[in-house]
Amino acid sequence: MSDSKYGLLGLGSHGPEVADVRARLAALPDDQLPDRPDLHADDPAQFDASLERAVRAFQQHKGLIVDGVVGVETFTAIDGARWALGDRILLHTPGHLQRGEDVVTLQERLNTLGFAAGRVDGRFGPETERAVRSFQRAYGLSGDGSVGPDTLRAFDDLRRSVSGGSANVLRERELVRRSGHSLSGRVVVLDPGHGGSNTGAVAHGLVEAEVVMDLARRIEGRLTAIGVSVIYTRTEHTSPTEEERAALANDAGADLVLSLHCDSHDAAEASGVATFFFGRDRKTSWSAVGEHLADLVLREVVARTGLENCRSHGRSWALLQQTRMPAVRVEAGYLTHPSDAARLADPLFRDTLAEAVLVSLQRLYMGDDDTATTGVLRLGDLRAYLASHS
C-alpha cells in the first residue's frame, strides 16, 4: 500500500486497505504489539472496534498520537515495525529512505559503539550511512555503507563485549555545555501548529492555529530583542507536514525547535499544560537536552500561570524525532476547557506564556549559573545576565 493512495482509516472504514492494516498488525511480533486484542474478524476489511484497539495499542507502544486512526505516520510505523535487523540489506537511497525497526536497532548500536548515527529516527539517511562506513573501516571491512551479512556478523561479534549508555546523549549534552551561556546569537525555529485550512482545535470562539501563531509572534518579539534569529515553519496560509517542518529546521542549522499547540478533549474538565520531547527509550532513543528543556518550559509556565501541570512526556512524533537539534512541543492549555480558553483569549496571558518560554530557553544554557527560582526571572534580568557574559 503506497503513501500516494493512502488516506485516513478509522472506525467504520471498509475496504482492502483496512484488511491490509489488519494483516500487518496481526503479523507483528509481540515486542512490537504487546497486549494485542484478538484481530480475527468475520469481515477483515471492516475497521471494527478490535482493530481500533489494536491500532491504539500500537500507537501507544510507539509513542505516536493515540487516536485509533491510521494515517500516513501510523501506517509507516506499522510497515516499519515488521523488520528486524538482518531481515534485509540496508543502504542509503536518496529520495527513498529505508525505514523500520531494523534501522532503529542499527542506529542504536552505532551510537552505543561511538559511531555517530545521529538521532534514532528509524530512517537510513546520510548520517547513518556515514556512521556505517566509519564502523566498517574501523572493523576492517570495505566501507561501502550498506549493511549486509559481513557487517551484521561484525555487530554480533561486538555485542558480546560492548554495552552501555548512549554516546549520542553524551554528545548532545556536551554540545550545549560548550556552546556558551548566552541565548543571544542562536537560531530558534518557532513552529506554530496547524495552519492554512488546518485550523486545529476550535472551541469557545478560539481557533488553535490563530492562537499559537499569535503566541509565536509574542515569543519572536522577545527573542529578537536579545539577539536571537527566529525562523517560522509556516505562514498563516500554509500547513507543512511534520517531516517538512523538521527538514526546514535541519536545513537552517537551528539550535532549538519550539512547537506550539493548544489541546482539546471531549471531556470538558480536561485542562492544563503539557510538554513533549523526543523519547522512545531512555538508554538510546532519547533527547536528554530535549527532556531538560521540556521540563524547564513546563515548570516556568506552571509557576507563572497556575495552569494544571500535565507533566512532560517522551514521544516519537515526527517533528521531535527527525530534528537534529533539541525540540520541544508545548500544549499550552485546553481550548475545550472554559477557564483555560478564557485565559488563552487574554493578550496579557499570552504575554505571560511568551515570557515563560523566553526564560526557559535562556535557562537551558545557563548551566551551573542557573540558581534562580522558577517563575521569577524577567526579560530585564536576562538582559543583565547576557551583558555580564558577553
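We now turn to the structure provided with this report. Numbers given to residues run from 1 along each chain, matching the order in which its sequence is written. Given that this is a predicted model, residues contribute local features only at a pLDDT of at least 70 and side-chain atom pairs are listed and counted only at 80 or more, while totals for whole chains, interfaces and linings are drawn from all residues. As a rule here, side-chain values come from all non-hydrogen atoms in the structure, and water together with hydrogens is ignored.

### Brief notes about the sheet that holds strand E5 (residues 256-263)
- Strands pair, by our definition, only if DSSP identifies at least two bridges between them. Numbering of helices and strands runs from the N terminus; a helix is a DSSP stretch of H or I covering at least four residues, while a strand is a stretch of E covering at least two. The sheet built from six strands is open, its strands ordered E4-E1-E5-E8-E6-E7 with mixed pairing. Of all strands in the sheet, those bounded by a partner on one side alone are strand E4 (229-232) and strand E7 (309-315). Within this sheet the neighbouring strands show an average axis-to-axis angle of 20 degrees, counted without direction.
- Pairing geometry for strand E1 (residues 187-192) and E5, over five bridges, is parallel. Within the sheet, the bridge partner assigned to valine 189 lies in E5 and is valine 257.
- This element, helix H8 (residues 208-225), spans E1, E4 and E5 of the sheet and lies at about 145 degrees to E5.
- Any two residues whose heavy atoms approach within 4.5 Å are treated as being in contact. Lines fitted to C-alpha atoms define the axes, with helix axes restricted to the stretch in contact, and inter-axis angles between N-to-C directions lie between 0 and 180 degrees. Strands in contact with helix H10 (residues 288-305) are E5, strand E6 (273-278), E7 and strand E8 (327-334); relative to E6, the strand with the most contacts, it is inclined by about 170 degrees.

### Here's the deal with H8
- Multiplying 1.5 Å by the helix residue count minus one yields the expected span of that helix. Here H8 is 18 residues long and its end C-alpha atoms lie 26 Å apart, about the 26 Å a rise of 1.5 Å per residue gives.
- Along H8, the residues classified as buried are Glu208, Ala209, Val211, Val212, Met213, Leu215, Ala216, Arg218, Ile219, Arg222 and Leu223.
- Next to the buried residues of H8 lie E1, strand E3 (206-207), E4, E5 and helix H13 (347-366).
- Downstream of H8 by one or two residues, glycine 227 has phi in the positive range, about 90 degrees. Here's how the labels work: a residue is buried when its accessible area is under 20% of the maximum for its type, exposed when over 50%, partly exposed in between, all with a 1.4 Å probe on protein chains only.

### Things to note about empty space enclosed by the protein
- Only protein atoms enter the 1 Å grid used here. Points where a 1.4 Å probe fits but cannot escape make up a cavity, open sets with protein on both sides within 12 Å along at least five of seven lines make up a pocket, and a residue lines them when an atom lies within 4 Å of a point. Grid points are joined across faces, edges and corners, and a volume is the space filled by probe spheres set on the points. Summed over all chains, the structure comprises two cavities of 30 Å³ or more.
- By volume, the largest cavity amounts to about 40 Å³.
- Together, Leu215, Leu260, Val301, Val330, Ala332, Leu353 and Val357 line the largest cavity.
- Mapped by element, the contributors of at least two residues to the lining of the largest cavity are E8 and H13.
- Residues were grouped as follows: Ala, Val, Leu, Ile, Met, Phe, Trp, Tyr, Cys and Pro as nonpolar; Asp, Glu, Lys and Arg as charged; and all remaining residues, including Gly, as polar. In terms of residue class, the lining of the largest cavity is made up of seven nonpolar, no polar and no charged.

### Some thoughts on unusual backbone geometry
- The backbone of histidine 194 sits at a positive phi, close to 65 degrees, despite the residue not being glycine.
- By the element assignment, histidine 194 lies in the loop between E1 and strand E2 (202-203).
- Here histidine 194 falls in the buried class, since its relative accessible area comes to 19%.
- Not every positive phi belongs to a glycine, and histidine 204 is a case in point at roughly 50 degrees.
- Looking at the element boundaries, histidine 204 is found in the loop between E2 and E3.

### Re the pattern of salt bridges
- Here, a salt bridge means any Lys or Arg side-chain nitrogen found within 4 Å of an Asp or Glu carboxyl oxygen. Here the structure, examined in full by the defined rule, presents 23 salt bridges.
- Of the charged contacts in the structure, one is a salt bridge between arginine 222 and aspartate 351, with a shortest N-O distance of 3.4 Å. Placement of the pair is arginine 222 in helix H8 and aspartate 351 in helix H13, with a sequence separation of 129 residues.
- Salt-bridge contacts for arginine 222 lead to glutamate 355; the nearest nitrogen and oxygen are separated by 3.3 Å. Pair noted here: arginine 222 is in helix H8 and glutamate 355 is in helix H13, with a separation of 133 residues, a long-range link.
- One network of salt bridges, with partners in common, ties together Asp214, Arg218, Arg222, Arg350, Asp351 and Glu355.

### Topic: the nonpolar core
- Counting 47 residues, the largest nonpolar core has Leu183, Ile219, Leu223, Leu258 and Leu361 as the members making the most contacts within it.
- In terms of residues, this core owes the most to one element, H13, which gives nine residues.
- Not counting residues up to four positions away in its chain, the partners in contact with leucine 361 are Leu183, Val188, Leu223, Leu256 and Leu293.
- Throughout this description, the term nonpolar core refers to a set of buried Ala, Val, Leu, Ile, Met, Phe, Trp, Tyr and Cys residues connected via side-chain atoms within 4.5 Å. Leu9, Val70, Phe75 and Ala81 belong to the second largest nonpolar core, which has 17 residues in total.

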